[in-house]
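Each chain is listed here by its residues.
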Amino acid sequence: MTSTSPTRPHSTTHPRTTHPTRTLGATGPTTSALGLGCMGMSDLYGPADEAESIATVHAALDAGVTLLDTGDFYGMGHNELLIHEALRGRDRDSVQISVKFGAQRGPDGSWLGYDASPEATKTALAYTLRRLRTDHVDVYRPARLDPRVPVEETVGAIAELVQAGYVRHIGLSEVGAETLRRAAAVHPVSDLQIEYSLLSRSIEAEILPAARELGIGVTAYGVLSRGLLSGHWKDSRDLPGTDFRGFSPRFQGENLTHNLRLVTALREIADAKGVSVAQVAIAWVASRGEDIVPLVGARRRDRLAEALGSLDVTLDAAELAAVEAAVPAGSAAGDRYAAAQMADLDSEQ
């Protein structure tokens, strides 16, 4: 594969010699303190450079990132094939691969619902193992709650796959506190993958306390709120039709103007500390607990290097208070998803 991207600097900070680790809950694996979310390399954020994506995975692995997050519906298998290519020649056992399944999509990319029935669960894993060219997945989880299938049945099916050796740990994604309790009563759950950022804090009231009560870790996606908190977003940015942010309420009109004002306030804190806005936003999520592993959705090496720089950012009490004042809980304008586009992706809360 050849890249059409220009050469980019790999880092704006000094390279780390070690990468800190965290453990996903009471029963889950030990992973790098930051994970790499690979969705944008294949889907939903517009075109991506495949060669640069693979180079970014390589750079992440070389920097000590061990957790790679994907979904079998990201590019309808493309993302898993890309990860397989990126891991070619690498030690499979040094990496944890987390896979979501269950989302049903049409040839045009449309969202058709979810199927997390036991039969679909096992069939999906069979295809995933073939695309990844591996004999196991480290964490396997339904992408969302299937309203037609009790979560106990889905978790029970994955538990059978754990017993058979095809799955190491069971995870969940975007579910509420009650579902966590029902699932954990069937089999230990390693982690809940859910959106968590300065602009998305709804998990703090009930979901995060329930996860901690049950010994379930959190892998937090959307830590940069899909680019809003990156410090690089411009209100004049044109988005291709394949980028779902073009339909996201938070990126529209007055909502976007309001949200970018919050970023401006956050930038003052970052500038005073000599770091980037993105690094402050990621460090804030990491500061919420040792049981939380932020997932960064970098598609390019320069963005990855910036995200990795957050590992060197420690926010003291005064700085945390300043961040809270700059971006108070509930201050984001607009919902996470457009109601008509992906309302069924919202969590059970």
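Please read these numbers as outputs of a predicted model, since none were measured by experiment. (Residues numbered from 1 in each chain as written. Predicted model: local features only at pLDDT ≥ 70, side-chain atom pairs only at ≥ 80, totals over all residues. Heavy atoms only, no water.)

Chemist: Just checking my understanding: could you explain the overall build of the protein for this structure?
Modeler: Helix and strand counts for the protein stand at 11 helices and 12 strands. Across the protein, every contact between residues at least 6 apart in sequence was considered, and the portion connecting residues at least 24 apart equals 77%. Summing over all exposed atoms, the protein offers an accessible surface of approximately 14,600 Å²; the carbon and sulfur share of this is 52%. (Helix = DSSP H or I, 4+ residues; strand = E, 2+ residues; numbered from the N terminus. Contact = heavy atoms within 4.5 Å. Areas by Shrake-Rupley, 256 points an atom, 1.4 Å probe, with all protein chains shown as cover.)

Chemist: Looking at this structure, how should I read unusual backbone geometry?
Modeler: What you tend to see is this: most non-glycine residues have negative phi, and most peptide bonds are trans. Positive phi outside glycine occurs at methionine 76, with the angle close to 50°. Along the chain, methionine 76 falls in the loop between strand S4 (67-71) and helix H2 (78-87). The backbone phi angle of arginine 133 is positive, close to 55°, even though this residue is not glycine.

Chemist: What exactly am I supposed to notice about the pairing of strand S7 (residues 111-114) here?
Modeler: When a strand is regular, its side chains alternate between the sheet's two faces. Where strand S6 (residues 103-105) meets S7, 3 bridges bridge the pair, whose relative direction is antiparallel. Each bridged residue has a counterpart across the sheet, and for alanine 103 the counterpart in S7 is tyrosine 114. Two successive antiparallel strands, S6 and S7, enclose a turn made up of 5 residues, where glycine 109 displays a positive phi of approximately 85°. (Pairing = 2+ DSSP bridges.)

Chemist: I'm lost on the nonpolar core in this one. Help?
Modeler: Within soluble globular proteins, side chains that are nonpolar generally end up buried alongside one another. Counting 83 residues, the largest nonpolar core has Leu36, Tyr140, Leu172, Leu180, Leu192, Leu229 and Leu266 as the members making the most contacts within it. It is helix H8 (residues 277-286) that contributes the most residues to this core, 8 residues altogether. Phe73, Tyr74, Ala103 and Tyr114 belong to the second largest nonpolar core, which has 7 residues in total. (Core = buried A, V, L, I, M, F, W, Y, C linked by side-chain atoms within 4.5 Å. Buried < 20%, exposed > 50% of the residue type's maximum accessible area, 1.4 Å probe, protein only.)

Chemist: In this structure, what is going on with the sheet that holds strand S11 (residues 217-221)? I would like to understand it.
Modeler: The strands that make up a sheet are held in pairs by hydrogen bonds between backbone atoms, and each pair lies either parallel or antiparallel. Here we have 8 strands rolled up into a closed barrel, ordered S3-S4-S5-S8-S9-S10-S11-S12, and parallel in their pairing. Taking each pair of neighbouring strands and ignoring which way they run, the sheet shows an average axis angle of 30°. The pairing of strand S9 (residues 167-173) with strand S10 (residues 191-195) spans 3 bridges and is classified as parallel. Within S10, the position partnered with leucine 172 by the bridge is leucine 192. (Axes fitted to C-alpha atoms, helices over the stretch in contact; angles between N-to-C directions.)

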